[in-house]
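Structure assessment
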Amino acid sequence: MKGRKIGIAVVCVVGVFLLVSAFFATNFVLYDYHMEVSDYQYMKSEEEKPLSAATSVWFSYGDDGKEVFYGIDEGISEESLTVYALTQTGEISVTYGGENPIAEDSLGHFIAALPVAELDLDGDGETERVYDYARADFGSNSFNPAPQSFLSEEIPFELVFAERKYMMVYYENELLTDAEIMVTSYNGETKTYRTNENGWIDGLPIRDIREGFTAAYSPDGKTVYRMQYALEDYAYFSAHFWKAQLPLLLVFALAGIGIVAVHLIRNRIERNNPEYKIYSRESAGIYPNTLHQKTTSKFLLIRWLCLFAGTFLWTYAGKLIHQGQLWNAIAIPVFGCPFNLDQVVEVPCYYLSHLPYLFSRYGEGFPVLNLIYALTFLGTLLLCFIFLGRILCGFLCPAGLLQDLMDKLRRALHIRPIVVTDRINRFLQPIKWVWIVLFLGFIFTGGDFCNICPLKVFTTAQGGFWTNLYLGGFFAVVILVGSFFIKRFWCIICPMGYLMGLFKRFNLFKLKKDCTACTECGACYEACPMRIKSIYTEREKENVQTVDCMMCGECIHKCPEDKALSMTFCGKTIYQSSRKTFMSKFSEKEEG
């Protein structure tokens, strides 16, 4: 009884700490990277003119980050260059390009303008009035979904980046629809595009946007407006990319220290306990074949392949295949941080804790698009909840792969796991409810779940995006250490996973049990990373799927009885326990 009271007190203390500290998360800084635009350096370029710049003025970026350069053609006076900056209070301008226009409240959007010039662009012997501009978007607002436009009289022609993939065109402060636009891409190639009913350049590849291009428009054939566009975007494995890994390396370094500390403390406490030494008689360390587990289970192999594919999908795929976030209104509920902007499809964690922003994604000027996006987002999210459920945790979640790799590392090092007993499981359940309250409660309180999210750093840093680590950075260390000793530690307390599990009744994937074939050996309970006891104890019902079950198949894989446990899809068996599969783990490797 005394131990139970102590456990309840500890849970209450942890819950209160999480609830209170969540509103002061930015005061707990593990890694602070300032992405304020005022930290950037603005200077004249000494590099050659890029092929994308079919204008007399252009912008470019340095390889190391936080450097933006402007360039102008020879023979043009710098004193004729005017730079406009978009700030929180409106637009400001600087007369000379050599001055630094980056104000403290700047939003990271700049337009450089030259006076009108008389040029013969088409070679017909007649000159046109040419207005040359260049636009740069950089800093934390570079990929802001809502369009960031100047809409000033001094800039009648304007390019605006929105929704991570669309280039919008404004002319005389109005969206330019059904108009012909000439685009010079990053390789100097020129193509003709048209703007659609939303004022977007229809069909412009995302690669052209990210690597720079120039758009030209002539309203009457005598006047030509040209704007070169440069988005701050860096290639994978560049200097900027590797610098973005620093917070991730810091988290792993602290997690390594934590793992060593926990291991040494456990050895000290359990040094006289003979059961503690049963797990391995070798000392900690990697030995030959320790990473290999003998099995003939194709199901688990497929699960591992899906986990790697899912991590790639929510980390790199959107940029590498240059599809421009084609499906980014589709929401699939996994934990892959949306601050990494190279995802192919959306992860809903941000909008589930910032719901008002979901209906204003494109800005106030696009109510229809906002509604379409929100309905598509919520509709696909609900479909995933209802029909797929927590199988996404077992097969596609990047956080799941990270935890499984930590478990693999522990096994390879011959370090004994921490067994989640019923008592420990009861301790973790209230913490899960605290996370759920925080996850959904911020919708109404105005807090920011992202500041305490322990998974914000991983896919964000891996994708090459800088991120600040507040209280969530410390929680990330806890999650890594916990996942090393307890398989799928985060999944036990994951708020997203629990929300998906609530719809288990409607899931297309089901976990079934033949109670007559079960011998009550308890192997399924010992194998289950979620410590679901009912799979072992159930003696009547066929359907043993619970709200916590993530359909990983570990219980089926470890079950020694034929067809005692099985997984079905739409009523058809796709994986079932097998004595042959179970015994294959103990058989000698065949000579070939």
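I will try to describe carefully the structure that is included in this document.

So, on to the overall build of the protein. Scanning the protein from N- to C-terminus turns up 20 helices and 20 strands. Counting only C-alpha atoms, the protein reaches 90 × 55 × 50 Å along its principal axes. Looking at the protein as a whole, 55% of its 592 residues are labelled buried. Taking all contacts inside the protein whose residues are at least 6 apart in sequence as the whole, residues at least 24 apart take part in 66%. Here the protein has roughly 27800 Å² of accessible surface; of this, 59% comes from carbon and sulfur atoms. Of the side-chain charges in the protein, 54 are positive and 64 negative, and the distance between the mean point of each set is 23 Å.

The subject of this paragraph is a nonpolar patch on the surface. On the surface, a nonpolar cluster with roughly 710 Å² of combined accessible area is contributed by Val16, Leu19, Val20, Phe23, Phe24, Phe28, Val437 and Phe474. At 3 residues, helix α1 (residues 2-21) tops the list of elements feeding residues into the nonpolar patch.

For an α-helix, 3.6 residues make a turn, and residues three or four places apart therefore share a direction. Helix length check: helix α9 (residues 367-388), at 22 residues, gives a terminal C-alpha distance of 31 Å against a target of 32 Å (1.5 Å per residue), a fit within 8%. Of the surrounding elements, those touching the buried residues of α9 are β16 (327-331), β17 (345-346), α7 (349-353), α8 (355-358), α10 (391-395) and α16 (495-501). Gly389 sits one or two positions beyond α9 and adopts a positive phi of about 65 degrees.

Moving on: the packing of helix α5 (residues 298-313) against helix α11 (residues 398-412). Direction vectors running N to C along α5 and α11 enclose 125 degrees, while the axes themselves pass 8 Å from each other. In terms of orientation, α5 lies oblique with respect to α11. When you trace α5 past α11, the crossing you get is left-handed. On α11, the residues touching Arg303, Trp304, Leu307, Phe308, Gly310 and Thr311 of α5 are Pro398, Leu401, Asp404, Leu405 and Lys408. Grouping the constituent residues of the contact of α5 with α11 by class yields 6 nonpolar, 2 polar and 3 charged.

Let us now look at the sheet that holds strand β2 (residues 57-61). Overall, mixed pairing links the 3 strands, which are arranged β1-β3-β2 in an open sheet. Since the sheet does not close on itself, it has two edges, and those belong to β1 (41-44) and β2, each with one partner. When the angles between neighbouring strand axes are averaged without regard to direction, this sheet yields 25 degrees.

Here we take up the pattern of salt bridges. For the coordinates displayed, the defined rule picks out 22 salt bridges. Ionic pairing is found between Asp407 and Arg410, a salt bridge with its closest N-O pair at 3.0 Å. In this pair, Asp407 and Arg410 both sit in helix α11, 3 residues apart, roughly one turn of the helix. Where Arg579 meets Glu561, a salt bridge forms, and the shortest distance between an N and an O atom there is 3.1 Å. You can see Arg579 sitting in helix α20 (residues 579-584) and its partner Glu561 sitting in the loop between α19 (554-558) and β19 (565-569), a full 18 residues away along the chain. With a relative accessible area of 17%, Glu561 lands in the buried category.

In space, the 3 strands of this open sheet follow the order β18-β19-β20, with antiparallel pairing throughout. Either end of the sheet is taken by a strand with one partner, and the two such strands are β18 (509-513) and β20 (572-576). Averaged over all pairs of adjacent strands, the angle between strand axes in this sheet comes to 35 degrees, irrespective of strand direction. Both β19 and β20 contribute to a ladder of 4 bridges, which runs antiparallel. Bridge pairing links Ser566 to Gln576 in β20.

The next subject is the nonpolar core. Ranked by size, the top nonpolar core spans 105 residues in total, and within it Val251, Phe335, Trp435, Ile452, Phe458, Trp490 and Met496 carry the most contacts. Tallying contributions element by element places helix α14 (residues 471-485) first for this core, with 9 residues. Here Ile452 is in contact with Ala22, Ala25, Trp435, Leu438, Phe442, Leu471, Gly472 and Phe475, once residues within four sequence places are set aside. Ranked by size, the runner-up nonpolar core spans 33 residues in total, among them Ala215, Met227, Tyr229 and Leu341.

Here we take up the side chain of Asp404. Tracing the sequence through the fold places Asp404 in helix α11. Taking the relative accessible area as the measure of exposure, Asp404 reaches 2% and is therefore buried. Those residues within four positions of Asp404 in sequence are excluded, and the remaining contacts are Arg303, Trp304, Leu307, Lys487 and Arg488.

Take α11 next. Under the 1.5 Å per step criterion, the end-to-end length of α11 is 21 Å for 15 residues, consistent within 8% with the ideal 21 Å. Within α11, 11 of the 15 residues are buried, which leaves it mostly tucked inside the rest of the structure. Along α11, the positions that sit buried rather than exposed are Pro398, Ala399, Gly400, Leu401, Leu402, Gln403, Asp404, Met406, Asp407, Arg410 and Ala412. Structurally, α11 contributes buried residues whose contacts are with α4 (246-269), α5, α13 (456-462), α14 and α15 (489-493). In the segment just after α11, His414 is the residue with positive phi, at about 60 degrees.

Looking now at the side chain of Thr195. Locating Thr195 in the fold gives a position in the loop between β13 (190-194) and α2 (206-211). Here Thr195 falls in the buried class, since its relative accessible area comes to 4%. Within the local environment of Thr195, its side chain forms a polar contact with the backbone oxygen of Leu176, the two atoms lying 2.9 Å apart. Beyond its immediate chain neighbours, meaning those up to four positions away, Thr195 contacts Val169, Leu176, Thr177, Asp178, Ala179, Ile181, Trp200, Ile201 and Asp202.

Rules used throughout
Residues numbered from 1 in each chain as written. Predicted model: local features only at pLDDT ≥ 70, side-chain atom pairs only at ≥ 80, totals over all residues. Heavy atoms only, no water. Helix = DSSP H or I, 4+ residues; strand = E, 2+ residues; numbered from the N terminus. Buried < 20%, exposed > 50% of the residue type's maximum accessible area, 1.4 Å probe, protein only. Contact = heavy atoms within 4.5 Å. Areas by Shrake-Rupley, 256 points an atom, 1.4 Å probe, with all protein chains shown as cover. Lys, Arg positive; Asp, Glu negative; His and termini not counted. Charge placed at Lys NZ, Arg CZ, Asp CG, Glu CD. Patch = residues over 30% accessible without salt bridge, like charges linked within 9 Å, V, L, I, M, F, W, Y side chains within 5 Å. Salt bridge = Lys/Arg side-chain N within 4 Å of Asp/Glu carboxyl O. Expected span 1.5 Å × (residues − 1). Axes fitted to C-alpha atoms, helices over the stretch in contact; angles between N-to-C directions. Parallel < 35°, antiparallel > 145°, perpendicular 65-115°, else oblique. Left-handed = near helix turned anticlockwise from the far one by under 90°. Nonpolar A, V, L, I, M, F, W, Y, C, P; charged D, E, K, R; others polar. Pairing = 2+ DSSP bridges. Core = buried A, V, L, I, M, F, W, Y, C linked by side-chain atoms within 4.5 Å. Polar contact = N/O pair within 3.5 Å; in protein donor to acceptor, adjacent residues only side chain to side chain.

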